[in-house]
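Working through the structure, step by step
Read off the chains here:
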Amino acid sequence: MIITIDGPAAAGKGTLASKLALKYNLTYFDTGMVYRAVGLDVVLQGKDPNDEQSALSVAQKLTFPRIMELSKHQDFRSAVGGDAASKVSAIPSVRAALLQMQRDFALNPQFSDGRKASGVVYDGRDAGTVICPQADVKVFITASSEVRAMRRFKEFQQKGLTITYDEVLAQTRERDERDASRSSAPMKPADDAVIIDTSDMSIDEVYKKVCDIIESHKKILEK
Ligand code: C5P
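This section reports on the structure supplied with the text. (Residues numbered from 1 in each chain as written. Predicted model: local features only at pLDDT ≥ 70, side-chain atom pairs only at ≥ 80, totals over all residues. Heavy atoms only, no water.)

What follows deals with the site of the ligand. Close to the ligand lie 14 residues, the nearest being R36, R95, R175, D179 and R182. A distance of 2.7 Å separates an oxygen atom of the ligand from a polar side-chain atom of R36. For the ligand, whose accessible area on its own is 450 Å², the fraction buried by protein is 97%. Among the elements of the structure, α2 (32–44), α5 (79–88) and α9 (165–181) are those that each provide at least two residues to the shell around the ligand. Residue contributions to the shell around the ligand peak at 3 residues, all from α2. Across the shell around the ligand, the residue classes tally to 2 nonpolar, 5 polar and 7 charged. (Near = heavy atom within 4 Å. Polar contact = N/O pair within 3.5 Å; in protein donor to acceptor, adjacent residues only side chain to side chain. Areas by Shrake-Rupley, 256 points an atom, 1.4 Å probe, with all protein chains shown as cover. Helix = DSSP H or I, 4+ residues; strand = E, 2+ residues; numbered from the N terminus. Nonpolar A, V, L, I, M, F, W, Y, C, P; charged D, E, K, R; others polar.)

Here we take up the packing of helix α1 (residues 13–23) against helix α10 (residues 203–222). Two elements in contact, α1 and α10, have axes whose closest approach is 10 Å; the angle formed by their N-to-C orientations is 50 degrees. Relative to α10, the element α1 lies oblique. Crossing hand, α1 versus α10: right-handed. Taken together, the residues of α10 that come into contact with α1 (itself represented by T15, L16, K19, L20 and K23) are I203, D204, V206, Y207, V210, C211, I214 and E215. Its residues placed into classes, the contact of α1 with α10 shows 8 nonpolar, 1 polar and 4 charged. (Axes fitted to C-alpha atoms, helices over the stretch in contact; angles between N-to-C directions. Parallel < 35°, antiparallel > 145°, perpendicular 65-115°, else oblique. Left-handed = near helix turned anticlockwise from the far one by under 90°. Contact = heavy atoms within 4.5 Å.)

Another point: unusual backbone geometry. A positive phi is found at A10, a non-glycine position, where the angle reads about 60 degrees. Position of A10 among the secondary structure elements: in the loop between β1 (2–6) and α1. Backbone geometry at N25 places phi at a positive 55 degrees, although glycine is not the residue there. Secondary-structure assignment places N25 in the loop between α1 and β2 (27–30).

Okay, here's the thing in structure tokens:
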């Protein structure tokens, strides 16, 4: 089974996707990590993430072990990593270079310890539209930029990062704008995605709603 969870930053995709993967015994693929790895690698080389040649040369050599290595860096999940990811992800040739590894994962899904999995929960921006248009269940989750910025701000505070709410809100809006307006695979719900606005919902409510959608899908398949 392939499930795609797309949507803007801090909409709650990661928490939802991990809970679903656990419940349905599927592996979880956080596709944002692919772009964060490329963006951070470019920054660590002292280069500009807007520069196509620098980003493309990193993207063409990217491997899963390299992503895991970079994910341990303190800036991988910080605003620096997010901003660099958003910039490299707006370059069409970089997206094209990273597409196959994301698609291929669905053909031979594995857990992080190498065990074979029966399917994947993708978390991203274009999982339902570009990476896996054949997915069984597609969900697009969103929330107001203020609610999402507050969620991210609290995460940063817990990690001890010094940043104000207003700065997080400005970055959230800037990333939304870049993700939605890029020419290649702009962030948008697939035509057959269920759209859920989580602004006034708890994570448990969102989880329950998506589980209901998956159960209905399974019943249709069983018929
Ligand atoms: O989801 P996350 O915040 O980790 O993603 C970082 C950035 O990577 C996003 O702001 C977006 O620009 C980019 N991204 C993307 N396509 C994906 C996943 C992430 O363009 N499938």
